[in-house]
Amino acid sequence: MTLDKAYESYKDVDINKFTSVKKTDEGLLLELTPTQRDYFIKDNNTFIKKLLDEFKDCNDLYKCVEDSEYRELVYYYDEKIPSMIMSSGVFSVAHGYALNYILKNNIPEWSVNITINNCNTGKEVISFTIPGQAVSIGKEE
């Protein structure tokens, strides 16, 4: 999503969710009251839960261990996971975690460490941090 499209999607949002939204040279600046921030985190957690429920529904062995500080996610799945579920269950959740970290701590710097384990063997397949690391996960892993 481009900055302009993101701005357009936020600028007309219910005023109860944001006090204001502004486009800056570095991205979007959302002004929130503490109550609005708490609501935003709660709403984001509902979205994260939905994605993780879809992920877990694929296989009884699939699971995700979450971190209450929004800094780390540990996944257990195998090569049979549908690509769309992997994308939403892993990367979309990680970005939701990043947003919650930013909102909770009121700082723009963020990172989320992701560890993926094979659900059948328990063996670690890969561990990486976003942003910053290019990642390719294929059937051979």
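In this text, all values refer to a predicted model and were calculated from it rather than measured experimentally. Each chain has its residues counted from 1, following the order in which its sequence is written. Reporting of local features is limited, given that this is a predicted model, to residues whose pLDDT is at least 70; pairs of side-chain atoms are given and counted only at 80 or more, and all residues count toward the totals for whole chains, interfaces and linings. Side-chain descriptors were evaluated using all non-hydrogen atoms of the structure, hydrogens and water having been removed beforehand.

1. A word on the packing of aromatic side chains
Thought 1: Pairing of aromatic rings covers Phe, Tyr and Trp, the last counted by its six-membered ring, and requires centre-to-centre distances within 6.5 Å; plane angles under 30 degrees mean stacked, over 60 mean edge-to-face, and any other angle means tilted. With the rule as written, the count across this model stands at six aromatic pairs.
Thought 2: Look at Phe55 and Tyr77: their rings are 5.8 Å apart centre to centre, the planes differ by 85 degrees, and that puts the pair in the edge-to-face class. With Phe55 in helix H2 (residues 34-57) and Tyr77 in strand E4 (residues 72-77), this pair connects stretches of sequence that are 22 residues apart.
Thought 3: Relative accessible area decides the class of each residue, using a 1.4 Å probe on protein chains only: under 20% of the type maximum gives buried, over 50% gives exposed, and in between gives partly exposed. A relative accessible area of 0% places Phe55 in the buried class.
Thought 4: Residue Tyr77 is classed as buried on the basis of its relative accessible area, which comes to 5%. Helix and strand labels come from DSSP, where a helix needs a run of H or I of at least four residues and a strand needs a run of E of at least two; each type is numbered from the N terminus.

2. Brief notes about the side chain of Ser88
Thought 1: Position of Ser88 relative to the elements: it lies in helix H3 (residues 83-105).
Thought 2: For Ser88, a relative accessible area of 15% puts it in the buried group.
Thought 3: Any two residues whose heavy atoms approach within 4.5 Å at even a single point are treated as in contact. When near neighbours in sequence (up to four residues on either side) are disregarded, Ser88 contacts Leu51 and Val93.

3. Some points on the confidence of the model for the protein
Thought 1: The pLDDT value tells you how sure the predictor is about a given residue, anywhere from 0 up to 100. Overall, the prediction assigns the protein a mean pLDDT of 83, with 82% of residues at 70 or greater.
Thought 2: Between the elements of the protein, mean pLDDT differs from a low of 61, seen in helix H1 (residues 3-11), to a high of 94, seen in E4.

4. What to know about H2
Given 3.6 residues to a turn, an α-helix orients residues that are three or four positions apart in the same direction.
Thought 1: The end-to-end C-alpha distance of H2 is 34 Å, a good match for the 34 Å that 24 residues give at a rise of 1.5 Å each.
Thought 2: Every buried residue of H2 is listed here: Gln36, Phe40, Ile41, Asn44, Ile48, Leu51, Leu52 and Phe55. What a helix should span is 1.5 Å times the count of its residues minus one.

5. Observations concerning the pairing of strand E5 (residues 112-118)
Thought 1: Extensive coverage of E5 is indicated by the burial of six of its seven residues.
Thought 2: A pair of strands is considered paired only if DSSP assigns at least 2 bridges between the two. With six bridges joining them, E4 and E5 adopt parallel strand pairing. Residue pairing in the sheet places Tyr77 in a bridge with Asn118 of E5.
Thought 3: The definition of a right-handed crossover adopted here requires that, viewed with the strands pointing away, the path from the first strand over the helix to the second runs clockwise. Handedness of the crossover joining E4 and E5 through H3: right-handed.
Thought 4: Connecting the antiparallel pair E5 and strand E6 (residues 124-130) is a turn made up of five residues, with Gly122 showing a positive phi of about 80 degrees.

6. So, the pattern of salt bridges
Thought 1: In what follows, salt bridge is the name for a side-chain nitrogen of Lys or Arg lying within 4 Å of a carboxyl oxygen of Asp or Glu. Evaluated as defined, the whole model comprises four salt bridges.
Thought 2: Where Asp53 meets Lys49, a salt bridge forms, and the shortest distance between an N and an O atom there is 2.7 Å. Of the two residues, Asp53 and Lys49 are both situated in helix H2; the distance of four residues between them amounts to about one turn of the helix.
Thought 3: The partner of Lys50 in a salt bridge is Glu54, with the nearest N and O atoms 3.1 Å apart. You can see Lys50 and its partner Glu54 sitting in helix H2, four residues apart, about one turn around the helix.

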